[in-house]
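Architecture at a glance
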Amino acid sequence: MLISAFITHKKSETFEDCQDRFSVNPDTKSIAVSDGLSQSIFQKIWANQLVHAYTDNVDWVPNVESVKELAPYWKKKAEEFIKSEEADGKNPWRARNNLAEGRSAGATILGIRFHDESWTYDVLGDSCIILINNNRVEEIISSESKESFDNYPDYYDSNPKIGGKGELKTGTRQWNAGETILLVSDPFADFLAKNKETDKEALLVDRILGINSHDEFDGLVDEWRKLGMHNDDSTLVIVKQDGSNDFRLVPNCVDDIMALKEVCRMKPQVIPSDKTKSAESASPETVFSHKLEDFGQWLSKFLQSKLFKSKLFANSRRREKNARKEFINQLVEEIDAKLKELFIEK
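About the cut-offs
- Residues numbered from 1 in each chain as written.
- Predicted model: local features only at pLDDT ≥ 70, side-chain atom pairs only at ≥ 80, totals over all residues.
- Heavy atoms only, no water.
- Helix = DSSP H or I, 4+ residues; strand = E, 2+ residues; numbered from the N terminus.
- Buried < 20%, exposed > 50% of the residue type's maximum accessible area, 1.4 Å probe, protein only.
- Contact = heavy atoms within 4.5 Å.
- Areas by Shrake-Rupley, 256 points an atom, 1.4 Å probe, with all protein chains shown as cover.
- Pairing = 2+ DSSP bridges.
- Axes fitted to C-alpha atoms, helices over the stretch in contact; angles between N-to-C directions.
- Phe/Tyr/Trp six-rings, centres within 6.5 Å; stacked < 30°, edge-to-face > 60°.
- Lys NZ or Arg CZ within 6 Å of the ring centre and 35° of its normal.
- Core = buried A, V, L, I, M, F, W, Y, C linked by side-chain atoms within 4.5 Å.
- Polar contact = N/O pair within 3.5 Å; in protein donor to acceptor, adjacent residues only side chain to side chain.
- Parallel < 35°, antiparallel > 145°, perpendicular 65-115°, else oblique.
- Left-handed = near helix turned anticlockwise from the far one by under 90°.
- Nonpolar A, V, L, I, M, F, W, Y, C, P; charged D, E, K, R; others polar.
- Salt bridge = Lys/Arg side-chain N within 4 Å of Asp/Glu carboxyl O.

Overview of the overall build of the protein
- The helix and strand inventory of the protein stands at 11 helices and 14 strands.
- Across the 346 residues of the protein, 45% fall into the buried class.
- Relative to all contacts within the protein whose residues are 6 or more apart in sequence, the contacts with residues 24 or more apart total 72%.
- When the accessible surface of the protein is totalled, it reaches about 18,500 Å², and 51% of it is carbon and sulfur.

Right under this line is the structure:
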C-alpha cells in the first residue's frame, strides 16, 4: 500500500495556528488524524497526543478510560509551554489563567490499523474515513449520525471529569480490490459529502488521487475553498493499493508539520510590486473586508460551539454576581484576542 499525507492551515493563518494533527507509523501500520476544538485551550498538544497514542501502540484503543491516562501529560506539556514563553520574555497571562481556572482541550480522533487482508478503525467526531471506488465516494464513515457537519462535533476532552461527547464508532473491514481509503478532517469530509452523487464527484475524486506534492495539495485546497469548502485547518491522508501489504510512504508526500512551521518562519515577507499585486492585496479596504468576514465566521462558530453553550447554560443557573461577571469577562477576552489577532499588526 502507498501512503500520502498532507496538512494545511486556515487562510490568513500559519502552521503555528494549525489545530489539526496526524501521525503515520509504518512500524505499527497505523494512521491517525485529530482536529482540535477551536474554543478549547492547548488543543494542538491534545490532538498531537491522541494521534501518537493511537499509532505508537497497537493495543491502545481510544475510550474515556484510556484517554484519562493521557490527561496528566497534556497538563505537563501545557505548563512547559507557558514556562518556555516566560523564559522568552513573553507574558502568556491568558494561557496561564485559563489553565489555572481548569479549562481543558477537546479534539476528535480518527484511527485506522492495517492487517494482512483487513483493516480496523476507530472514529469519534467529524474527522472521517472516506472509501473511494471507481472515482466515486462509496462510503463515509463517521461517529456522527447527521448528514451535515456542525460546529460541535463528538470529541474527547483532556479533563477526565468531562470525558467528552459522543460514542466511539469501531469496525473491521476487508480491503476490496480497487478501493482507496481517505482519512480526512471535516472540511474535506463536508465538501465531498455535499458533492456525493453529483456530476462533480468524479472530477473532485480524480483531483485528490492525482496529488503528488504539498504544493499541489495547497493548490487544491485554495481551489476548493473558492468552490465552497469551508476555510478551516485541513488534513488529507490517502491510502492506495499497490498489490502489496507493505506499508510504504510516498517520497516527498508525507508532510511534517514541524518542518512546515520552520519553513514559514524562515520565509521572507515578499512585498508585491504594482504589477504583481493581486485582487486580495490590492487595497487596505479589501484586506479589511476579508478580515472582517473572517471575524464574522469565527464569531458565529464560537457562539454556536458546544463549549460556549455549555458554559452559558451553567452560568445561567448560578446566582452569584461574581460568577456571572467572571463568565462575561472570559467572553470579552476571547473576542478581544481574536480582534487583536486579525486587525493588529504583529
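What to know about the sheet that holds strand β5 (residues 109–114)
- Taken in spatial order, the five strands of this open sheet run β2-β3-β5-β6-β11, and their pairing is antiparallel. Pairing within the sheet leaves two strands with one partner each, and these edge strands are β2 (20–25) and β11 (169–174). When strand polarity is set aside, the average angle formed by the axes of neighbouring strands in this sheet is 10 degrees.
- Direction of pairing for β2 relative to strand β3 (residues 30–35): antiparallel, over a ladder of six bridges. Counterpart to F22 in the pairing with β3 is V33.

Topic: the packing of aromatic side chains
- Here the structure, examined in full by the defined rule, presents nine aromatic pairs.
- Through successive ring pairs, a cluster of aromatic residues spans F6, F188, F191, F217 and W224.
- The ring of Y54 has R113 sitting right over it, with the charged end atom 3.8 Å from the ring centre.

Quick notes on the nonpolar core
- Ranked by size, the top nonpolar core spans 27 residues in total, and within it I31, F114, W119, I181, L183 and V239 carry the most contacts.
- Setting aside its immediate chain neighbours within four residues, I181 contacts I112, F114, W119, I129, I130, L131, W175, V237, I238 and V239.
- Within the second largest apolar cluster, 24 residues are counted, among which are F6, I130, I132 and F188.

A word on the side chain of S143
- Within the secondary structure, S143 is located in the loop between β8 (136–141) and β9 (155–157).
- In this structure the side chain of S143 is engaged in a polar contact, spanning 2.9 Å, whose partner is the side chain of D154.

Structural notes on the sheet that holds β9
- The strand order across the open sheet formed by three strands is β4-β9-β10, and the pairing between neighbours is antiparallel. Edge positions in the sheet fall to β4 (106–107) and β10 (164–165), since each of these pairs with one other strand and no more.

As for the packing of helix α1 (residues 43–56) against helix α3 (residues 71–87)
- Running from N to C, α1 and α3 point in directions that differ by 140 degrees, and their axes come no closer than 10 Å. One element, α1, and the other, α3, form an angle in the oblique class. Once α1 is placed against α3, the crossing between them reads as right-handed. Across from I45, W46 and Q49 in α1, the residues of α3 making contact are A71, Y73, W74, K77 and A78.
- Tallied by class, residues from the contact of α1 with α3 come to six nonpolar, one polar and one charged.

Topic: the pattern of salt bridges
- Evaluation of the coordinates by the stated rule reveals 14 salt bridges.
- Between D190 and K194 there is a salt bridge, with the nearest N and O atoms lying 3.2 Å from each other. Of this pair, D190 and K194 both sit in helix α5 (residues 186–194), separated by four residues, roughly a single helical turn.
- Overall, K194 belongs to the exposed group, its relative accessible area being 58%.

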